[in-house]
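Coordinates in review
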Amino acid sequence: MIVLALDAGTTSSRAIAFDRDGAVLGFDQRELTQFFPRPGWVEHDPREIWTTQLETARAALRNAGATAADVAAIGITNQRETAILWDRATGAPVAPAIVWQDRRTADRCDALRANGLEPLIRAQTGLVLDPYFSATKIAWLLDRVAGLRGRAERGEIAFGTVDAWLIWNFSGGSRHVTDVTNASRTMLFDIRRLTWSDALLDAFAIPRALLPEVLPCTAAFATAGAEHLGAPILIAGVAGDQQAALVGQACFRDGLAKSTYGTGSFVVLNTGARIVESAHGLLATIAYGFTPGEATYALEGSVFVTGAAVQWLRDGLGIIERASDVERLARTVDDNGGCFFVPAFTGLGTPYWDPHARGTIVGITRGTTRGHLARAALEAMAFQTADVIDAMERDAGLSLCELRVDGGAAENDLAMQFQADVLGVPVVRPSTAETTALGAAYLAGLQAGYWEDLGALARRRRERSRFVPAMPAPQRAGLLAQWRRAVARSRDWEQAPSS
Ligand SMILES: Nc1ncnc2c1ncn2[C@@H]1O[C@H](COP(=O)(O)OP(=O)(O)O)[C@@H](O)[C@H]1O
Ligand SMILES: O=P(O)(O)OC[C@H](O)CO
């Protein structure tokens, strides 16, 4: 038997068939079209999310030499916050999906902040008032699509994050459900009481009839109809992708943390039963929940640009051909030569939350080379992550013992060694690169009895590489101090055009 994990990401749909050892038996991936209809807007086609996901599921099974009869359960993980509204009668989306990166509701957030809504949001959802989360995206659609609010009030419309949309389609429209981690990113979910918040639904003027039922991450979400994969299969595990990576990295104890380095980086720290209120711009969120009414919590920090800075070296400057070439280029120099690169292309996230910051390279001299720039881009990944972890340690009152890493840019040995050096703790790369999908598989497999319990999963964790800090503490402190001076120079740069 195998477990099939579906990973509906921002830029691609992927499907992976895992065996009991967590080995990948079959894999498939399809690109997802990105739509940028206006500056600051980011949309997806919900139908394309569904069709590509279904195609990858079929292909992954084929590639594994398996059929639906071999699948113990399906696990789903997904880009979070992205909002989809559809007609319950026809299953047709009423508009494109508004993606988590979309900034169209920034003004709405400013107005709500002026009305004093932020303390309620922080207290109930653990989030900050930002267009990133689903609530203002849903409200925007209700206000802008003709007749939609009335239809929503009459119960004719459904809202879902990507997980709920996929489950609806797999179940032929018979199941409208999500899991606690995805619910915790909507800005409508009370993470203490683990229910939708009437006060927030009211504040955002969102009818309750839109919302899915919320289940733990391990549950009988739905049965995928035989018409899709050849036989009925239980969808038994669901989590948002950053939470799924936490599970895939077996961060099951308070104080364990992972960082996923992709386009940007997401750092998640397990805080156990504690909801930690951050004084440094971190989000309190749900890590996972296994039974109704119970949840484990996390602190999360988001860095908008890490791997994307390497993409910029490739596409913007043309100084490398492939992202992986950056390491060779960076190794042509011994250090950054005094050059610091703050890749604040779209502002800065945790802990600065400065939408007006812009990319800055400081310390350039006549001796600066492409190698120094490459090195500075890699060091920026590590410095930004160190800023988030510093905030986490202060908020949670603990010291990290190691950082577990995954994602495309975590394949870079130079960057990961530097990460260990600036953190002063080991950085650990797991044997399974597909940690997010593995986490979704774990959740489904736990529910289906394919794996025994969390202890069994933690015991089967294997390390592929361990980077041990080697930098003397004074050197680390000096570099971090210089980095923070560079950040200060990047901040508050962009100004609204004068009218
Ligand atoms: N060897 C490498 N060193 C540094 N960055 C890399 C390397 N390989 C890939 N990347 C970066 O990692 C990102 C891709 O990682 P991935 O996990 O697929 O991201 P996402 O899921 O956000 O699309 C790209 O931004 C790319 O520039
Ligand atoms: O799809 P990813 O990997 O870019 O992740 C997106 C996050 O879930 C957004 O919060």
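So, how was this worked out
- Residues numbered from 1 in each chain as written.
- Chains lettered and ligands numbered in written order.
- Predicted model: local features only at pLDDT ≥ 70, side-chain atom pairs only at ≥ 80, totals over all residues.
- Heavy atoms only, no water.
- Near = heavy atom within 4 Å.
- Polar contact = N/O pair within 3.5 Å; in protein donor to acceptor, adjacent residues only side chain to side chain.
- Areas by Shrake-Rupley, 256 points an atom, 1.4 Å probe, with all protein chains shown as cover.
- Helix = DSSP H or I, 4+ residues; strand = E, 2+ residues; numbered from the N terminus.
- Nonpolar A, V, L, I, M, F, W, Y, C, P; charged D, E, K, R; others polar.
- pLDDT = per-residue confidence, 0-100.
- Salt bridge = Lys/Arg side-chain N within 4 Å of Asp/Glu carboxyl O.
- Buried < 20%, exposed > 50% of the residue type's maximum accessible area, 1.4 Å probe, protein only.
- Phe/Tyr/Trp six-rings, centres within 6.5 Å; stacked < 30°, edge-to-face > 60°.
- Lys NZ or Arg CZ within 6 Å of the ring centre and 35° of its normal.
- Pairing = 2+ DSSP bridges.
- Axes fitted to C-alpha atoms, helices over the stretch in contact; angles between N-to-C directions.
- Contact = heavy atoms within 4.5 Å.
- Right-handed = clockwise from strand over helix to strand, strands pointing away.
- Core = buried A, V, L, I, M, F, W, Y, C linked by side-chain atoms within 4.5 Å.
- Parallel < 35°, antiparallel > 145°, perpendicular 65-115°, else oblique.

1. Re the site of ligand 1
Around ligand 1, a shell composed of 14 residues is seen, among which T263, G307, Q311, G408 and N412 lie nearest. Within the side chain of T11, a nitrogen or oxygen atom sits 3.5 Å from an oxygen atom of ligand 1. When isolated, ligand 1 has an accessible area of 580 Å², and the protein chains bury 71% of it. In terms of residue count, the dominant contributor to the shell around ligand 1 is helix 11 (residues 307–315) (four residues). Residue composition of the shell around ligand 1, grouped by class: five nonpolar, nine polar and no charged.

2. Digging into the confidence of the model for the protein chain
Averaged over every residue, the pLDDT of the protein chain is 94; residues scoring 70 or more account for 99%. As a predicted assembly, this complex carries a pTM of 0.93 together with an ipTM value of 0.97.

3. Brief notes about the site of ligand 2
Neighbouring ligand 2 are G9, T10, Q79, R80, E81, W100, Y132, D241, Q242 and F266. Take E81: an N or O atom from its side chain is 2.7 Å from an oxygen atom of ligand 2. Contacts to ligand 2 include D241, whose side-chain N or O atom sits 2.6 Å from an oxygen atom. Compared with its free state, where it exposes 310 Å², ligand 2 has 82% of that area covered by protein. In terms of residue class, the shell around ligand 2 is built from three nonpolar, four polar and three charged.

4. Notes on the pattern of salt bridges
By the definition in use, this model includes 35 salt bridges. Note that D7 is salt-bridged to R14, the shortest N-O span being 4.0 Å. An identical accessibility class is assigned to D7 and R14; each is buried. Taking the shortest distance from any N to any O, the salt bridge between R331 and E327 comes out at 2.8 Å. Note on E327: relative accessible area 16%, which makes it buried.

5. Points about the packing of aromatic side chains
According to the stated counting rule, one finds 19 aromatic pairs in the structure shown. Here a set of aromatic residues connected by ring pairs shows up, and it is made of W100, Y132, F133 and F266. Looking at R80, its charged tip hangs above the ring of F266, at a distance of 5.5 Å from the centre.

6. Description of the sheet that holds strand 1 (residues 2–8)
Pairing in this open sheet of six strands is mixed, and the strands run 3-2-1-5-14-13 from one edge to the other. Taken across any chain shown, the strands that pair with only one partner, and hence form the sheet edges, are strand 3 (24–31) and strand 13 (218–224). Strand after strand, the sheet turns through a mean of 25 degrees between neighbouring axes, direction not considered. Across the sheet, helix 1 (residues 46–63) touches strand 1, strand 2 (12–18), strand 3 and strand 5 (71–78), and the angle it forms with strand 3 is around 150 degrees. Packing against the sheet, helix 15 (residues 435–447) makes contact with strand 1, strand 2, strand 5, strand 13 and strand 14 (233–240), and its axis sits at approximately 135 degrees to strand 5.

7. A look at the pairing of strand 22 (residues 427–430)
By the alternation rule, side chains of strand 22 split into V427 and R429 and V428 and P430, which are all buried. Crossover strand 21 (residues 403–406) to strand 22 through helix 14 (residues 413–423) is right-handed. Pairing geometry for strand 22 and strand 23 (residues 463–467), over four bridges, is antiparallel. Of the residues in strand 23, the one forming a bridge with P430 is E463.

8. Observations concerning the nonpolar core
One finds L85, I138, L188, F204 and L210 to be the most contacted residues of the largest nonpolar core, which totals 76 residues. The element contributing the most residues to this core is helix 15, with eight residues. Those residues within four positions of L210 in sequence are excluded, and the remaining contacts are L85, R88, I138, L142, A152, I157, A158, F159 and H176. A257, I319, M392 and F467 belong to the second-largest nonpolar core, a separate cluster that totals 63 residues.

9. What about the packing of helix 13 (residues 370–396) against helix 17 (residues 473–490)?
For the pair helix 13 and helix 17, the least separation of the axes is 11 Å and the interaxial angle reads 95 degrees. If you check the angle between helix 13 and helix 17, you find them roughly perpendicular. When helix 13 is examined against helix 17, the residues A380, F383, Q384, A386, D387 and D390 are found in contact with a partner set consisting of L479, L480, W483 and R484. The residue inventory of the contact of helix 13 with helix 17, partitioned by class, reads six nonpolar, one polar and three charged.

10. Concerning the sheet that holds strand 16 (residues 265–272)
Sheet architecture is open: seven strands sit in the order 17-18-16-15-21-22-23, paired in mixed fashion. Lying at the two open borders of the sheet, with one neighbouring strand each, are strand 17 (283–288) and strand 23. Neighbour-to-neighbour, the strand axes of this sheet turn through a mean angle of 30 degrees, independent of strand direction. Taken together, the two bridges between strand 21 and strand 22 define a ladder with parallel strand orientation. Within strand 22, the position partnered with L403 by the bridge is V427.

11. Comments concerning the side chain of S465
With respect to the element layout, S465 can be found in strand 23. Not counting residues within four places of it along the chain, the set of residues in contact with S465 comprises V427, V428 and R429.

12. Here's the deal with unusual backbone geometry
The omega torsion across T350 and P351 is -5 degrees, close enough to zero to call that bond cis. Note on placement: P351 falls in the loop between strand 19 (340–342) and strand 20 (360–362). The phi torsion at A250 lies on the positive side, around 55 degrees, for a residue other than glycine. Here A250 is to be found in the loop between helix 10 (241–248) and strand 15 (257–261).

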